[in-house]
Amino acid sequence: MTTFLQILLNGLMLGGLFAIVSIGLTLIFGIIKVVNFAHGEFLMGGMFITWLITTQMGLHPYAAVIVVVPVLFVMGALTQRLLIQPLMSARDDHIQIFATVGLSTALINLALLIFGADIANTPPHGLRAPLEFGELRLLSGQLMIFGAAILLVIGLELFLKYTQTGRAIRAVAQNRGAAELMGINVNHIYVLTFGLGAACVGLAAVLIAPLYPTSSNIGTYFVLTAFVVVVLGGLGSIPGAFLGALIIGEVDALSGYYIGSDLREAVVFGLFLLILILRPSGLFGARQNLSHLS
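In the annotation of an unreviewed UniProt entry, the chain is listed under the name Branched-chain amino acid ABC transporter permease and assigned to Rhodovulum viride. Reading the Subcellular location (unreviewed entry) entry of the UniProt record for the chain gives the comment "Cell membrane". The record in UniProt for the chain states the following under Sequence similarities (unreviewed entry): "Belongs to the binding-protein-dependent transport system permease family. LivHM subfamily."

Chemist: Whenever I open this one, a nonpolar patch on the surface confuses me. Can you help?
Modeler: A cluster of nonpolar side chains, contributed by Met 1, Phe 4, Leu 5, Tyr 257, Tyr 258, Ile 259 and Leu 263, occupies part of the molecular surface with about 770 Å² of accessible area. Mapped by element, the contributors of at least two residues to the nonpolar patch are helix H1 (2-32) and helix H10 (238-258). Mapped onto the secondary structure, Tyr 258 falls in helix H10.

Chemist: Explain the pattern of salt bridges to me, please; I cannot follow it from the model alone.
Modeler: Opposite charge on two side chains permits pairing when their charged atoms draw close. By the definition in use, this model includes three salt bridges. The closest approach of N and O atoms between Glu 132 and Arg 137, which form a salt bridge, is 4.0 Å. Using a relative accessible area of 44% as the deciding quantity, one classes Arg 137 as partly exposed. Between Arg 176 and Glu 180 there is a salt bridge, with the nearest N and O atoms lying 3.7 Å from each other. With Arg 176 and Glu 180 both in helix H7 (residues 176-181), this residue pair falls four residues apart, about one helical turn. For Arg 176, a relative accessible area of 33% gives the class partly exposed.

Chemist: Explain the packing of aromatic side chains to me, please; I cannot follow it from the model alone.
Modeler: A ring pair, where both rings are aromatic, is described by two values, the distance of the centres and the angle of the planes. Applying the stated criterion across every chain, the model contains nine aromatic pairs. Judged by centre distance (4.0 Å) and plane angle (0°), the rings of Phe 48 and Phe 115 are stacked. Taken together, the residues Phe 48 in helix H2 (residues 39-57) and Phe 115 in helix H4 (residues 94-115) connect sequence positions 67 residues apart. Of the residues examined, Phe 48 reaches a relative accessible area of 2% and is grouped as buried.

Chemist: How should helix H11 (residues 264-278) be read in this particular structure?
Modeler: Residues spaced three or four apart along an α-helix face the same direction, because each turn holds 3.6 residues. Counted at 1.5 Å a residue, the expected span for H11 with its 15 residues is 21 Å, and the 21 Å between its end C-alpha atoms agrees. Looking only at H11, the buried set comprises Val 268, Phe 272 and Ile 275. Buried residues of H11, seen end-on, are gathered within an arc of 65° and therefore sit on one face of the element. Opposite the buried face of H11, at more than 90 degrees from it, the exposed residues are Ala 266, Leu 273, Ile 277 and Leu 278. Those residues of H11 that are buried are in contact with helix H9 (218-233) and H10.

Chemist: Help me understand the nonpolar core in this model?
Modeler: Among soluble globular proteins, nonpolar side chains are generally buried collectively. By size, the foremost hydrophobic cluster in this structure holds 80 residues, and its most contacted members are Ile 20, Val 21, Ile 31, Phe 42, Leu 43 and Ile 208. Tallying contributions element by element places H1 first for this core, with 14 residues.

Chemist: So what exactly am I meant to see when it comes to the environment of Val 229 here?
Modeler: As for its placement among the helices and strands, Val 229 is situated in helix H9. Assessed through its relative accessible area of 0%, Val 229 is described here as buried. Once the C-alpha coordinates of Val 229 and Leu 110 are considered, the two residues, 119 residues apart in sequence, prove to be 28 Å apart. When sequence neighbours within four positions are dropped, the list of residues in contact with Val 229 reads Phe 18, Ser 22, Ala 241, Gly 244, Ala 245 and Ile 248.

Definitions and limits used
Residues numbered from 1 in each chain as written. Predicted model: local features only at pLDDT ≥ 70, side-chain atom pairs only at ≥ 80, totals over all residues. Heavy atoms only, no water. UniProt positions renumbered as here; feature names shortened; annotations may be inferred. Patch = residues over 30% accessible without salt bridge, like charges linked within 9 Å, V, L, I, M, F, W, Y side chains within 5 Å. Areas by Shrake-Rupley, 256 points an atom, 1.4 Å probe, with all protein chains shown as cover. Salt bridge = Lys/Arg side-chain N within 4 Å of Asp/Glu carboxyl O. Helix = DSSP H or I, 4+ residues; strand = E, 2+ residues; numbered from the N terminus. Buried < 20%, exposed > 50% of the residue type's maximum accessible area, 1.4 Å probe, protein only. Phe/Tyr/Trp six-rings, centres within 6.5 Å; stacked < 30°, edge-to-face > 60°. Expected span 1.5 Å × (residues − 1). Arc of directions from axis to C-beta. Contact = heavy atoms within 4.5 Å. Core = buried A, V, L, I, M, F, W, Y, C linked by side-chain atoms within 4.5 Å.

This is how it looks when you write it as C-alpha cells:
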C-alpha cells in the first residue's frame, strides 16, 4: 500500500511539473490560436540562463527568476511581433506553425553553438533534499513546483477575470472582430499574450533547472507532453491544463511502475491519440476555455 501511495504522490508532483510547463502553451493557444512548437526551446533557454546565473554568480537558482522571466517575456513578445504577426493575414494558418518549428530548430542549433552538446547541471542548493511524510518521500523542489503551479493557475485566472487587460484578452479570445470594434488593440493583446505565455515557461525553467540536467534538447520531452496536457485539458483552458497535467502525471507514474519505464511514453501518447479520436475538445470541454470565463 505504501508503494502505491508513493507512486500516486510521485505522479502528483510530476503532474505539477507538466502543468507549469503547459500553462503558458495553453494561454498562447487560447488567445492567438497558434501552436507554439518553440515552447520547449523557450524552456531550454530559460534553464540555460538559470544555470549561468547560478554557476557564474553563485546565487540560489530561484534568484534567477528576476532575470529569466523578463527575458522570456521579451523573447515571446518579439516572436509574436516579428515572426507570427506578419503571418497572421496569411490564408493558410499552417504557415504560422511552420514558423514556430523553424524557430525551434534555430534555437536548438543556437544552444549547441553557444553551450555545446554537453549537459549543464544547475547546483540544486538543497532543492533535491528529501522531505518525509511518514513513509512517503518527495523532493523539496518538487513541492515548490507543485505549489507554484497552483499559484500560477489562480493568479492567471484572477488576472483574466478581474483586470481590465485580462477582460480585453478574453474579449479578443471570444471575438477578434468585435473586440476591434470596441477599441481594443488586438495586435497589442497578441504581443502581450505571447509574452505572458513565454514568461510562464520562464518561471517553469527556473523551477525545473535545479532538478533536471540542462541540454539543447531538454525542451523536446517537456513540450511533447505539454501538447498532450493541453489537448486533454481542453484547448485554451488554464484550469483544464492543470487538471490534465495531473492526470498525465499519474498515468506516467503508474504506467512506468506497473507496465515498464520504457513503455510509459507509449501509454501517454496512446492516451493522446485516444482523446483526439473520441473527444477532440478535451475531457473538460470548451466551456472552460479563456473566452468563456464569466
